[in-house]
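Notes for the structure review
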Amino acid sequence: SQELEQSPQSLIVQEGKNLTINCTSSKTLYGLYWYKQKYGEGLIFLMMLQKGGEEKSHEKITAKLDEKKQQSSLHITASQPSHAGIYLCGADGLLNDYKLSFGAGTTVTVRA
Amino acid sequence: DAGVTQSPTHLIKTRGQQVTLRCSPISGHKSVSWYQQVLGQGPQFIFQYYEKEERGRGNFPDRFSARQFPNYSSELNVNALLLGDSALYLCASSTFGAPSTNEKLFFGSGTQLSVL
């Protein structure tokens, strides 16, 4: 079973609208990573969060890690077709090792 | 600078065959990890190698093996292929790969393996 739960599983958003993806862990996260994947391709690094309450932004994407370091959210403002893809959260430290555990992903579709 | 490169990009095999997948890390990176991604799921950790030594292994059968060469490139071998081995196999590299360093992984584009 997955150590990380992502929600929603998929979403469709109208171009120009905002969207939010959530990632929840049952254990404290040492490091939380957000990646984006085009179907059948590799993962592209978006952001890494380490400290409780940390927030990072890049272009129109903002990621937050809650104070307890057990939940993260990814928010996209004014979505564009280029934002379409699969968003994956990953975390280290969940398996007592330095490998990443990933959520199942959230598929984002942007409608023109 | 070249990113993580994987070959081949696509592969079709039949049940019972053996397959070798290859990965070249980013220049300067000494750690290589392998992940299996089944359609509709997140990547699952298979192996990590650092300085040619296995540093971690996921919950995969002994049919899966890997090695890392002196130039830090890596191969993943899968024997006696099953239909369930059909997946995207991703290679990732990092500088050190040490525990809990919060070091980000750089992923290749993957090898899509289909087992018929």
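Overview of the structure. (Residues numbered from 1 in each chain as written. Chains lettered and ligands numbered in written order. Predicted model: local features only at pLDDT ≥ 70, side-chain atom pairs only at ≥ 80, totals over all residues. Heavy atoms only, no water.)

**Notes on the sheet that holds strand β1 (residues 4-7) of chain A**
Residue and element names in this part refer to chain A. Note the threshold: Note: two strands are recorded as paired if DSSP finds a minimum of 2 bridges between them. A helix here means a DSSP run of H or I that spans at least four residues, while a strand means a run of E at least two residues long, and both kinds are numbered starting from the N terminus. Between the N-to-C directions of two axes lies an angle of 0 to 180 degrees, each axis being a line fitted to C-alpha atoms and, for a helix, fitted only over the stretch in contact.
With antiparallel pairing, five strands are arranged side by side in an open sheet as β1-β3-β8-β7-β6. Strand pairing shows two members of the sheet lacking a second neighbour, β1 and β6 (55-58), which therefore form its edges. Neighbour-to-neighbour, the strand axes of the sheet open up by a mean angle of 15°, direction not taken into account.

**Some words on the state of the cysteines**
Rules: Here, the term disulfide refers to a pair of cysteine sulfur atoms separated by no more than 2.5 Å. A simple rule labels every residue: compare its accessible area, found with a 1.4 Å probe on the protein chains alone, to the largest value its type can have, and call it buried under 20%, exposed over 50%, or partly exposed in between.
All told, the structure shown has two disulfides over all chains when counted by the stated rule. One disulfide in the model links A:Cys23 with A:Cys89; its S-S distance is 2.1 Å. Taking the sign of the torsion about the S-S bond as the criterion, the disulfide between A:Cys23 and A:Cys89, at about 75°, is right-handed. Remark: A:Cys89 occurs in strand β9 (residues 85-92) and A:Cys23 occurs in strand β3 (residues 19-25); sequence separation between them is 66 residues. Each member of the pair, A:Cys23 as well as A:Cys89, is classed as buried. The partner cysteine of B:Cys23 in its disulfide is B:Cys91, sulfur to sulfur 1.8 Å. Classification of the bridge connecting B:Cys23 and B:Cys91 rests on its S-S torsion, roughly -65°, and on that basis the disulfide is left-handed. Here the residue B:Cys23 occupies a position in strand β3 (residues 19-24), and B:Cys91 occupies one in strand β9 (residues 87-94), the gap between them amounting to 68 residues. We note that B:Cys23, like B:Cys91, is buried.

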